[in-house]
Structures are given as C-alpha cells and as structure tokens.
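Single-letter residue listing:
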Amino acid sequence: VTMAMSTSNKNKSYWTSVHEDIGAHLRQAVVVKEPVEVYEPMRHFVFAAPVNMAPVLCVAACELVGGHREQAIVAAAALHVMHAASFIHENLPLSDRTSLIPKSKPTMYHAFKPNTELLVADAMLPFGLELLASSDNPAGNNSGRILRVMVEMTRAMGSQGVVEGQYNELQCSQCDDDDRKLNGITDVEMTYETYKKKEGRLHACGAACGAILGGGSEKEIELLRRYGFYVGMIQGIVSRRLGPTEEIEELKKLAFKLREVNSFNDENAEVIFSLVDDNITHVLGFNLG
Amino acid sequence: VTMAMSTSNKNKSYWTSVHEDIGAHLRQAVVVKEPVEVYEPMRHFVFAAPVNMAPVLCVAACELVGGHREQAIVAAAALHVMHAASFIHENLPLSDRTSLIPKSKPTMYHAFKPNTELLVADAMLPFGLELLASSDNPAGNNSGRILRVMVEMTRAMGSQGVVEGQYNELQCSQCDDDDRKLNGITDVEMTYETYKKKEGRLHACGAACGAILGGGSEKEIELLRRYGFYVGMIQGIVSRRLGPTEEIEELKKLAFKLREVNSFNDENAEVIFSLVDDNITHVLGFNLG
Amino acid sequence: NSQRNDTLPKLFQVDEYKALKAKQINKALDEAVPLRHPAILHEAMRYSLIPGGKRFMSTLCIASCELVGGSESVAMSLACAIEMLSTMGTIQDDLPCFDNDDLRRGKPSNHKVFGEATTILACQALHCLAVEQIAMMKTKNVSPDRLLRAIVEMSSAIGSEGLAAGQIMDISSEGKDVSLSELNFIHRHKSEKFVEASLVSGVIIGGGNEEEIERMRNYGKCVGMAYQLWNDIVDVIGSPETKETTGRDMLRGKATYPKLVGIDESKNYAKELLAKAKQELAYFDPAKAAPLDHLVNFMVSFDNVN
Amino acid sequence: NSQRNDTLPKLFQVDEYKALKAKQINKALDEAVPLRHPAILHEAMRYSLIPGGKRFMSTLCIASCELVGGSESVAMSLACAIEMLSTMGTIQDDLPCFDNDDLRRGKPSNHKVFGEATTILACQALHCLAVEQIAMMKTKNVSPDRLLRAIVEMSSAIGSEGLAAGQIMDISSEGKDVSLSELNFIHRHKSEKFVEASLVSGVIIGGGNEEEIERMRNYGKCVGMAYQLWNDIVDVIGSPETKETTGRDMLRGKATYPKLVGIDESKNYAKELLAKAKQELAYFDPAKAAPLDHLVNFMVSFDNVN
Ligand SMILES: [Mg+2]
Ligand SMILES: [Mg+2]
Ligand SMILES: [Mg+2]
C-alpha cells in the first residue's frame, strides 16, 4: 500500500540525507595518498569512529536559522574528525592500564600499534581545523565566523569539555566504592558529570556552530546550544545504559520546551526537534530510543 | 594497595590476552598491499567491524579441551573476518531501502561507495577460508579438522544461520503491526528467532570450532557448542535492548548448568564460564553486562 | 602441434556432451538447493540458479576432473559449487549499484523480484552453500587435503586475489584512462582466474598429480584469458551465431582489448593463447583430453567471427 | 653575503634577549594555564609546560613577529600556543609506546607522575588550549583572517602534513634501511615544518605582507632543516658546550644524516642551508633582523663543534 509521506518519514529522510551528505564530504576530504603509511590509518579511523549526533545537529541548526547546508557541512565533517580523535584515545591500550577508560568497550580489534594510533589521533584535531578553515570563502570575509567556530570546537574538545568528561570517566573507573563513599560522591553523580561534559558539551557545540555559520542571532545560537546540550545528555545516558529512564523523559521535556519559546519557522523547527522523538531516533539508530 | 590477583582479575586478563592475540594475528594477516584500491578497503572493514565473542570463544574452547592457542587463533581471526562481511551487508545503503536492516544503527559514515563495500564483503568470506586453510600444517595431516571447521563456519554464516537471522530481521522491520497480528506472530517472538539464528548460531559455531581444532571429544564439542549458543543468545538480547531481563538470567543459568555436567579441568572451566559473569563482561565490554 | 587437432577423435560430439552435462548439473543443483525454511530466501537462491546459463565453467570442471581419471559423481559437487559462485556474480552484477539491469536472460533480475536486501542475503547463502558442497562431498575417494585445496583454489579465484579484486579495480578505474597493464590486471582477476580455478580444482579432486595440476593451471590461464578476449571481440564484431554486435562494453565506455590495441591485435593475442593452451593439453592422453579441447574449440577460429 | 654578519649591530646581546623573552613567555604561560577544575588534569598540563625548555621556537616566533613590526604583546599568545604544542610533543615522546623515558630534564616524565591516561588527556587539552590562545588573542590589531591563517599554519605543521606524519613514517621505517629521500621526509615533517610555521605565523600575525611571508617561509625551511642537522651532528660529535656526545640516536639505531652521508657532508649541507637562510633574511631591515640572525647563530660555525 503506497501512502502519502508522513511527517515522521519526512523527518527521517531529512536526517538521513544530512548524515549522507556529511559522509560524502568526508569521503572526498579524507583520501589515501602517499605515503600510505600516514594517510591509510587516518582514513581508517575517520570512518571507523562511531557516529554521534553533533555533526547532523550542526547542519540542521544552520538550516533552521536560515543558512545553507554547504555553510555547515564542512564544520560538521570537522566535528566528526575531532570526535574520532577522542574515540582513538578512549580505546588506546596503555601500558599502565588496558585502555584509557577501562569501562569502555573494546569495540574493535586494533588495526595499528598504540604509537601509530596515538599519532593518528594527534593528526585529527589539526586536520579538522584545516578542513574547517578550507570552508572560508576566497574573499576571507567569513573568517570571523569560522574563527568563532574554532573557539567553540577547541573549547568543547578541551579541558572544560570532552577532555574533562573523559578525565571524570577515568577517575570513576579507578576509584572503588570505598573511595566514593569517602568523597561523598555517588556513581550516578559522577557519571552525570561525565556526560554533561562529554556528550552534552559536544552536541551543544555542534548545534551552536551550525547556528553561528548559518548566521543565526545570539539568541538563536544560545537556544540551539541548549537544545544540543539536552540531546547530548540523552545520548550520554542511553549509550551508557545508566541513569533512570525518568531522567531521559525529563530531558526530552526540557528540549521540547525550547521549541515553545522559540521564534523559528514552524515547519523547520518540527524537523530539528524530531531528534528527541523516539520514532525518529530509533530508526536513525542514534541511540536515543 | 597492591593485592593478590583475584580470580576475577585473572579471568579478565585471560580474555584480554585472547582478544589481543587475535588482533595481533589480524594485523599481520590483513595488510595493505598493491593495488591499494583493493586492500585498503578490506583492511578498513576488518578493523572497523565491531567485535563479538565468537572468536574469543573459539580460542578459549580450544584451550579448554587441551589444545594450544595457536591451533585456534587463525580460525578465530577467520570468524571475525566473516562476521565483518555480515557487518558490511547490514549497513549497506541500498537503493530500494536505506540499509539492509533498517532498524540497525548507521553506526559509521560510509568510507566507500556501495558497490565497493559490497565487493569487499564478497572478498571477506573467501579470505577467511584462505586464512583458515593456511593454518594447516605442511604435512597436511590436520586437513580433516580444518575441513570440518569450514563446514561449521559456512553453515553458521549461511541460509540456516546468520543469513537466516538477517533475513528474519529484515522481515521484522518491513511488516507493520497489522501484518504481525495477521500472522499471529509477536515482535518478541520474531526477534527471538533472529538472535537464535544470528548471534546464537555464530557463537555456537565459534566454540565448537575451537573444540574441534583443540582435539576435543564429540561430547566436549557439543557441550561447548551449546555454551556458545547461550552466550550468543545473551549477546543478541542485550545488544538489541529487547527482551526481558529474566530471559537473560534464564540463559545464564542454563550456561552455568553446563559447567556442572562437564568433565573439564576445574580451573580452566572457571575461565571460560566467566564469560557469562557480569563482572567480567562489563569490563571486557562485550555487552553481556 | 598444429597437427594435434587431427589426432583427436573426430567423432566426439561436443554439443551432445555439453547438453548432457548441463542436464546433469541442473539436476544436481535442483537437489543441492532444496526449498528449505525460510522459503522466500531459498526461492531467491534458486530463482537465478535454476535454470541458469550455459554451465560452461562447471562443464570445464567436470571435463578436467575426468581427464585425470576422476569420476563425474566426484566432480558434480564441485560443478554445483562453481555454478553457485558464478550465479552469485551475475546476480550482483545486475544490482543498481553495479550495472542496474532489470532483466537477465529475458526474465526480471533477482533484486527486481525479491528486493535488494534479500538478493544480497541470497548471494551470501549461495556462497556458503558452494563451499559446503565441496567440503561435504559424498565420496570416500577424495582426501580432506584435496578438498581443502580445491576450496582454497576457488576462494582465491573469487576473493581478494581474484574476481572481487578485479571488480574493485574495474570500478576504481571508471572514467579514467586504463593502461594495458591495468586492463590485464582487471581481465586476469575478473575472468581468467575463475576459468583457471574451475579447471584446476577439477584436476585436484580428480586425483591429478602435481605435474598435471601445473599443466592444467597453465592451460587454464591461457583459455581463461582467451575467453575474455573472445567476449571483448564479440562485443565489437558480433558472435558467429547471431552476427549481432552487442556493443555493451562500448556503450558503457569500458576498457577492452580491442579498444586498447585494436581488433586484429586482440585476435592475434587470443590465437597465441589458444595455441599455447593446446601445447599444455598435449601433455595429457588425447582421447581423455578431447572433451576439453572441443569445449574451448568455439574460440579457435576467430576469423569465423563475422 | 658573507660580509652580512658584519653589518649586523655587533652590540646585540643575544643571551640577554633570549633570557628576557623566556621570562616573559614563562609568565604568559603561567597565566594561560590556570589551575582550573579538575585540578590534577590542569596540574598535568602545567607540570611539563612550566618551566619547560629553552623556549627556542616561541622566541623565534616573537622575533619574526617583531621583525615585520608586530608588537611583542601580539606575538605572546602565539608564542604560548607554540610552547603548548611543542611541550605536547615532548610529553608524548616520553610515553612507553614511544621512547619510554622515565625522566625529562632531570624530573620524572609526565606519565610517571600522572599516569598515561591523564597524560594523554592533558596533551589534547594543551592542544585545544593552544588553538584557543591564537583564536582569542586579546588585540584588535590582528584581523580574523590572519588569526585563521596562523592557526592553519601551525595545524599543518603538527598534523597530517607535519609532525604527526613525520613521526608515523619514522615509526614505520624502524628496523628498515632508510633512504636519503625517506630521511628527508621524516626530518622535514618531524622538525623543519614546526620551525618554519613558528616563524611564518609570527610574520602573519605581525602584519607582514605576502612577500615577507614568503621570504620568512624560505628562511624557516633552511633554518629548520639546519637545526635538525645540528641535532643529528651533535648527537655524534657532542655539543660545543658539553663536548659530550649523547649518542642517543645511534643507540636507538635511528637514521640520521651523519649515518647516511657522513659527518663532513652533513656539516656542509647545514652550512649551505644557513648561507641560504642569511640570503633570505637580507631582504629585511638588518637592525630588525638582528635578533633572528643572532638566535640561529649558534649553528653557524659547525667547526666549533668539537
Ligand atoms: Mg552486467
Ligand atoms: Mg623520540
Ligand atoms: Mg625522547
């Protein structure tokens, strides 16, 4: 039975098309050239790193504030590349412990020795920044926005963002229950702090960067940053299978509340807020279901 | 505080060492040679495919029945390579639908176009078989066992195993609730059949192959096959976040029961049965937690 | 060696031989892929396999097995495996991400009937079944190490050292100028290796010794490459029977031998290869070699073409 | 050009200049990395950064910025970024998966104090902070596109077109015979590019025009490669001050210029590079170029070495 395309299907195909456009950009931006020893590992990890929603949020936020997709697609690709560096770090087998964050999953076999993998991670952040800078137009009159996005990204990835989250996670995994009691901190509290800093900061950054590049107002940028933060928090909870379901529902309510206070075009807003709708994310598989 | 290594830590480091030995074998067996166009995508997917427990089960089963690790490590690597083919298939963007199994997660960006990815998958099964055959000793007097393992693997991957599971999953995702009611089949039943065929068959195969290669008796082979089946079933349920927790507990009980009826050396048995112990799998991250 | 043709039994009826073998192979395939559960998946497997093409590769395999004294029953499982593998290739070739053909041999292509996802699963299932066919051969006359060797031979021909490698190179050279050495790589991997492996694995399970295996490998290399050249040439000047050029390769802008070195040069190279093939075959008993010799004979006289 | 040295103000006190700049850089770094929460992570960042090495690269950067009329305050953020990036490199170099050094400058290496995981996180944090330093420069005199260009310059020098690429090649050539062209690749990427980028980015944010940027790039290429040769040579024959050979490279079986072409040839190549560097520098006002000229002067007379 052929049916008219439902809203839900329209939203699905929107997110799918954004995801695919970012993938296509990565495919042409990250190529294996000579010397193969350098560029093959790099390409491997860019495409082996699991996806998160920060890049698609970046594109959607850009389009929501009236920007064009091509204004945000490179930034989205850069976000993924930088995230790939964290992915390598988290799975690195270290000599004084099995992996950076022992409780994370050894999801893959290691394609290279630890020294190569660490160097590839080192190359990712500068590569992401170079990629981002390459989206500046020849006249250079977009430099201000791109520079602002660079600050957003390096802050999100740094010691007050993802790195802090990873550091928390590390502490969490190292101290035993007695230590926690001693410090009066619970496992859940510790974890909450972790995904606030890690997934929360990263997704907030993604949405904010998109809004900046699309030419959004400061109010729009901050509203979308907050929305991205909630999306990231939900992803953090769901991907760890920790934290009560009520918390997820609470975050979804907060996210939807943002829609009510916003001044966006209604149809476009419908699309971006569908990311916290179960039916969409289940199909997209972004682990928000 | 330095403490004597607990049993739990001993088990952890056993599984970690098996995992790392398989990875090391894959690293030297799957290399990027000329033409790079062919071997780079292949290496990418071997190492981008998520791990499952069938390969480590293969090695552990071999050692449990008195075999040496090197007798099973190549078969374990081959199992991972073949599983990588299924991974590619499941994530292939098809023109008449977004991915082979729409409900699966678009976990990564596509590194290549669909035609290349499909061809890489095509190359994986023969490559796994060639790898496996290469473990035959020069005298060729192990050919019988290797041939038997090949039959085990191709059956597990074929139309009565993983492919059937994937086909079920596909049907599951395509029919709506009305169809299900019409056929009198519930979503849970359908899913149960799926992971029985997919994860169940694959892990059963892994354990059985290890036992065969290690020179286990027919009784040992069948017992370990059953154990692998339970492990795979648990992984199937957990990874889909479907099915009630009681079912997992039931499967764990069944798995532990096998330990009681077996005639293995107790210390070695302790190790392999630790795979259904929460503490171990949580740390190993094999999603059985 | 040019006299060798005359020493062959003139009375060998190649058309009858081909028809007989094809019939037997079809029967064996029908039994090899029963309509198990899930039925639609197995229907998808059978749909393109039975009835399939001319069974050329599998007939070559039976002929090479019998050449060294192996029985047809021994060769039949292997022949079925070869048909499964080659069917798998044609099914995939029709997919939208490849040639996007809606029809194959006049009927809707596999994915048009079953959908792409099921088609791809059916291909993997055929692939697995093919290997199982060889490994589970119901005979006590073939040792496990020979079965293993035959599996490796076929695996190598279709995998990362064979068909798949050739196709990936083919794809990645699309829209580029292909050099002769690149075309050789593609032809060798996409076409020659499968012919070679079909012939060699026949000799392996037929009980051939190392020298026989080596001779058959050389023979296979020549015949395999000549077969691809024949197809390249026919694409331009038409087949002897239909006299119609297909021109498919040209339409798709594919690199072919005639395109790179011209028709005459291509014909000469093919003739050279077939002459060399005859030399290798001369090592075997002429009476037993007759089927093989006749089977590839259609390629001999390129001048008859058009 | 050999006379050029004489036209330089003789009275320039290079040691005082270096000491002064180092002091200012240290002060700026102390402010740039406050002990924020989480404290141990920030301690790990500060531990190797303050006090660090001789601040050679960052002093070069300030000198090149001032050369084209930029102020020291403009250059200071960039200088801090350069120190963060170069510290990050030395921290990682001590890790067990690289040189496995327990000590650096007489004190326990970073991972010995904080553990490998925290060390690696501290490196990423330094990396991010370095970029933020440049982008957030507290000055209205530098346009966003110049800041962006400086970031790209430094990123290229440490990433897949620079340091990281050189190190990966270095690792993958371990235990192999390294050709001169491979060694050139490694030296150029591991050492030369960072010197070049430090100098060029200084000119960029100092407001230099395209010609000045290009001259400084050529100058940087020569000085950078000469600096690596100097280190290679000192490893064999000892430094002028200590007269002690370190021999670390030899011990580790590393490919070096002296190993591949001999000491004399290495010295000659270095001299050639430094002569070429002087030519490029001659384009600028001699008085303003004095600091740079004196800063690299320690390498000029290789004959003083031992
Ligand atoms: Mg076709
Ligand atoms: Mg070093
Ligand atoms: Mg060192």
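Please read all numbers here as calculations on a predicted model, not as lab measurements.

Draft legend 1. Looking closely at the overall build of chain C. Scanning chain C for helices and strands turns up 15 helices and two strands. Since a compact globule built from 306 residues should have a radius of gyration of about 19 Å, the 19 Å found for chain C is in line with a globular shape. The C-alpha extent of chain C, read off along each of the three principal axes, is 55 × 50 × 35 Å. Here the contacts in chain C between residues at least 6 apart in sequence split such that 75% fall between residues at least 24 apart. Here chain C displays about 12,800 Å² of accessible surface, and carbon together with sulfur accounts for 50% of that area. Taken together, the 35 basic and 41 acidic charged side chains of chain C have centroids lying 3 Å from each other.

Draft legend 2. Region of interest: the overall build of chain A. Tallying secondary structure elements over chain A gives 13 helices and zero strands in all. Taken from the N to the C terminus, the helices and strands of chain A come in the order α-α-α-α-α-α-α-α-α-α-α-α-α. Evaluated residue by residue, chain A yields a buried proportion of 63% over its 289 residues. For chain A, restricting intrachain contacts to residue pairs at least 6 apart in sequence, the fraction spanning at least 24 positions comes to 72%.

Draft legend 3. Broad picture of the coordination of the magnesium ion (ligand 1). Residues and elements named next belong to chain C. Protein-derived coordination of the magnesium ion (ligand 1) comes from Asp93 (OD) and Asp99 (OD), at a distance range of 2.1 to 2.3 Å. For Asp93, a relative accessible area of 25% puts it in the partly exposed group. Overall, Asp99 belongs to the partly exposed group, its relative accessible area being 25%.

Draft legend 4. The interface of chain A and chain D, seen in detail. Contacts between chain A and chain D engage 47 residues on the former and 47 residues on the latter. Approximately 4,200 Å² of surface area, both sides summed, lies buried where chain A meets chain D, with 71% of it carried by carbon and sulfur atoms. Counting the surface chain A buries against chain D, the share from its top three residues, Leu119, Leu147 and Tyr167 of chain A, is 16%. Between Glu132 of chain D and Arg155 of chain A there is a salt bridge, with its nearest N and O atoms 2.8 Å apart. Inspection of the region where chain A meets chain D yields twelve residue pairs in polar contact (both at pLDDT 80 or more). Counting only elements with at least two residues in the side of chain A that touches chain D, the list comes to α2 (36-48), α4 (69-91), α5 (114-134), α6 (143-157) and α7 (162-174) of chain A. Each residue belonging to the side of chain A that touches chain D can be placed in one class, and the counts come to 25 nonpolar, 13 polar and nine charged.

Draft legend 5. Region of interest: the interface of chain C and chain B. With 47 residues of chain C at the interface, the matching set in chain B holds 47 residues. Between chain C and chain B the total buried area reaches about 4,100 Å² when both faces are included, carbon and sulfur atoms providing 71% of it. Interface area lost by chain C to chain B is led by Leu121, Gln124 and Leu148 of chain C, which between them contribute 15%. In this assembly, chain C and chain B are joined by two salt bridges. Lys33 of chain B is paired through a salt bridge with Glu161 of chain C; the nearest N and O atoms lie 2.8 Å apart. The interface formed by chain C and chain B includes twelve residue pairs in polar contact (both at pLDDT 80 or more). When contributions to the side of chain C that touches chain B are tallied by element, the ones reaching two or more residues are α3 (39-49), α5 (72-93), α7 (116-135), α8 (144-158) and α9 (163-172) of chain C. Per-class residue counts for the side of chain C that touches chain B are 29 nonpolar, 13 polar and five charged.

Draft legend 6. Just the coordination of the magnesium ion (ligand 2), in detail. Within the first shell, the magnesium ion (ligand 2) binds the protein through Asp93 of chain D (OD), Asp93 of chain D (OD) and Asp99 of chain D (OD), at distances of 2.3 to 2.6 Å. The magnesium ion (ligand 3) is placed at 3.7 Å from the magnesium ion (ligand 2), the two being bridged by Asp93 of chain D.

Draft legend 7. A look at the packing of aromatic side chains. Counting across every chain of the model gives 24 aromatic pairs over all chains. With centroids separated by 5.3 Å and ring planes inclined at 55 degrees, the aromatic side chains of Phe12 of chain D and Tyr17 of chain D adopt a geometry described as tilted. Note on Phe56 of chain D and Phe298 of chain D: the rings are 5.7 Å apart at their centroids and 80 degrees apart in plane angle, and the pair reads as edge-to-face. A residue pair is termed long-range when its members are at least 10 positions apart, and Phe56 of chain D in helix α4 (residues 56-67) and Phe298 of chain D in the segment after α15 (286-295) qualify at 242 residues. Members of the aromatic cluster, joined through ring pairs, are Phe56, Tyr227, Trp230 and Phe298 of chain C. Of note, Arg43 of chain A hangs over the ring of Phe112 of chain B, and the distance from its end group to the ring centre comes to 4.8 Å. Sitting above the plane of the Tyr47 of chain C ring, Lys107 of chain C keeps its charged end 4.0 Å from the centroid.

Draft legend 8. Up close: the pattern of salt bridges. Tallying each qualifying case throughout the model produces 58 salt bridges over all chains. Here the residues in one salt-bridge network are Glu153, Arg188, Glu192, Glu196, Arg217 and Lys221 of chain C, joined through shared partners.

Draft legend 9. Examining the packing of helix α2 (residues 14-32) of chain C against helix α15 (residues 286-295) of chain C more closely. All names here are of chain C. At a minimum axis distance of 10 Å, the contact between α2 and α15 shows a crossing angle of 90 degrees. Of the possible angle classes, the one that applies to α2 and α15 is roughly perpendicular. Listed contacts from α15 to Val14, Tyr17 and Lys18 of α2 are Pro291, His294 and Leu295. Broken down by class, the residue content of the contact of α2 with α15 amounts to four nonpolar, one polar and one charged.

Draft legend 10. Representation of helix α2 (residues 14-32) of chain D. Residue and element names in this part refer to chain D. Its 19 residues place the ends of α2 26 Å apart at the C-alpha level, agreeing with the 27 Å of an ideal helix rising 1.5 Å per residue. Taken together, the buried positions of α2 are Val14, Tyr17, Lys21, Ala22, Ile25, Ala28, Leu29 and Ala32. Along α2, the residues classed as buried sweep out an arc of 130 degrees about the axis, all on the same side. Facing away from the buried side of α2 by more than 90 degrees, the exposed set consists of Asp15, Glu16, Lys23, Lys27 and Glu31. Packing partners of the buried residues in α2 comprise α3 (39-49), α4, α5 (72-93), α7 (116-135) and α15.

Draft legend 11. Fine view of unusual backbone geometry. Residue Pro35 of chain A is bonded to the preceding Glu34 of chain A through a cis peptide linkage, with omega at -10 degrees. With respect to the secondary-structure elements, Pro35 of chain A resides in the loop between α1 (7-29) and α2. Despite not being glycine, Arg105 of chain C shows a phi value in the positive range, around 50 degrees. Phi at Arg55 of chain D is positive, roughly 55 degrees, even though this residue is not glycine. Inspection of the secondary structure puts Arg55 of chain D in the loop between α3 and α4.

Draft legend 12. Looking closely at the side chain of His187 of chain C. All names here are of chain C. Structurally, His187 is set in helix α10 (residues 180-205). Classification of His187 as buried rests on a relative accessible area of 5%. Looking at His187, its side chain comes within polar contact range of the side chain of Asp232, at 2.8 Å. With residues up to four places along the chain from it excluded, the contact list for His187 reads Glu192, Met225, Gln228, Asp232, Ala255 and Tyr257.

Draft legend 13. Geometry of a negative patch on the surface. On the surface, Glu34 and Glu37 of chain A, Glu34 and Glu37 of chain B, Glu182 of chain C together with Glu182 of chain D cluster together to form a negatively charged patch. Within the secondary structure, Glu37 of chain A is located in helix α2.

Draft legend 14. Inspection of the confidence of the model for chain C at higher detail. All names here are of chain C. When pLDDT is averaged along chain C, the result is 91; 93% of the residues meet or exceed 70. For residues 1-6, every residue scores under 50 in pLDDT, and the model assigns this stretch twelve contacts once sequence neighbours within four places are set aside. For this predicted complex, the interface score ipTM comes out at 0.91, while the overall pTM is 0.92.

Draft legend 15. Broad picture of the environment of Arg46 of chain D. Residues and elements named next belong to chain D. Of note, Arg46 is situated in helix α3. Sequence separation of Arg46 and Trp230 is 184 residues, and the distance between their C-alpha atoms is 29 Å. With near-sequence residues (within four places) excluded, Arg46 lies in contact with Asp30, Val33, Pro34 and Leu35. Polar contacts involving the side chain of Arg46 include one to the side chain of Asp30, which spans 2.5 Å.

How each quantity is defined
Each chain carries its own residue numbering, running from 1 in the direction its sequence is written. Each chain is given a letter, starting from A, and each ligand a number, starting from 1, according to the order in which they appear as written. Per-residue local features of the predicted model are confined to residues with pLDDT of at least 70, and side-chain atom pairs are confined, for both listing and counting, to 80 or more; whole-chain, interface and lining totals are unaffected and use all residues. Only hydrogens and water are set aside; all other atoms, that is, all heavy atoms of the structure, feed into the side-chain values. A run of DSSP states H or I qualifies as a helix once it reaches four residues; a run of E qualifies as a strand once it reaches two. Both are numbered from the N-terminal end. It is over C-alpha atoms that the radius of gyration is taken, and the globule rule equals 2.2 Å times the number of residues to the power 0.38. Contacts are assigned to residue pairs that have any heavy atoms within 4.5 Å of one another. Here the open area of atoms and residues is found with the Shrake-Rupley method and a 1.4 Å probe, where only the protein chains shown may cover a residue. Counting rule for charge: Lys and Arg are taken as positive, Asp and Glu as negative, and neither His nor the chain ends is counted. Charged groups are reduced to one reference atom each: NZ for lysine, CZ for arginine, CG for aspartic acid, CD for glutamic acid. Only protein chains enter the accessibility calculation, which uses a 1.4 Å probe; a residue is then buried when its area is under 20% of its type maximum, exposed when over 50%, and partly exposed in between. Only nitrogen, oxygen and sulfur atoms count as donors, using a 2.8 Å cut-off from the metal that widens to 3.2 Å for Na, K and Ca. Water is left out, so coordination shells may look unfilled. Here the quantity called buried area is the accessible surface, traced with a 1.4 Å probe, that two parts lose on coming together, added over both. One side-chain nitrogen of Lys or Arg within 4 Å of one carboxyl oxygen of Asp or Glu is enough to make a salt bridge. Here a polar contact means two N or O atoms within 3.5 Å. Within protein one must be a hydrogen donor candidate and the other an acceptor candidate, and residues neighboring in sequence count only if both atoms are side-chain atoms. In this classification, Asp, Glu, Lys and Arg are treated as charged, Ala, Val, Leu, Ile, Met, Phe, Trp, Tyr, Cys and Pro as nonpolar, and every other residue, Gly included, as polar. Here a Phe, Tyr or Trp ring, Trp counted by its six-membered ring, pairs with any other such ring whose centre lies within 6.5 Å, and the pair is stacked when the planes are under 30 degrees apart, edge-to-face when over 60, and tilted otherwise. Cation placement over rings: the criterion is NZ of Lys or CZ of Arg within 6 Å of the ring centroid and within 35° of the ring normal. Note on definitions: angles span 0 to 180 degrees between N-to-C directions of axes, and those axes are lines fitted to C-alpha atoms, for helices only across the stretch in contact. Orientation is classified from the angle alone, with under 35 degrees giving roughly parallel, over 145 giving roughly antiparallel, 65 to 115 giving roughly perpendicular, and any other angle giving oblique. Here a helix's expected span is defined as the number of its residues, less one, multiplied by 1.5 Å. This arc corresponds to the set of directions leading from the helix axis out to the C-beta atoms. Patch rule: a residue counts if its relative accessible area is over 30% and it has no salt bridge; like charges are joined within 9 Å, and nonpolar side chains (Val, Leu, Ile, Met, Phe, Trp, Tyr) within 5 Å. pLDDT gives the predictor's per-residue confidence on a scale running from 0 to 100.

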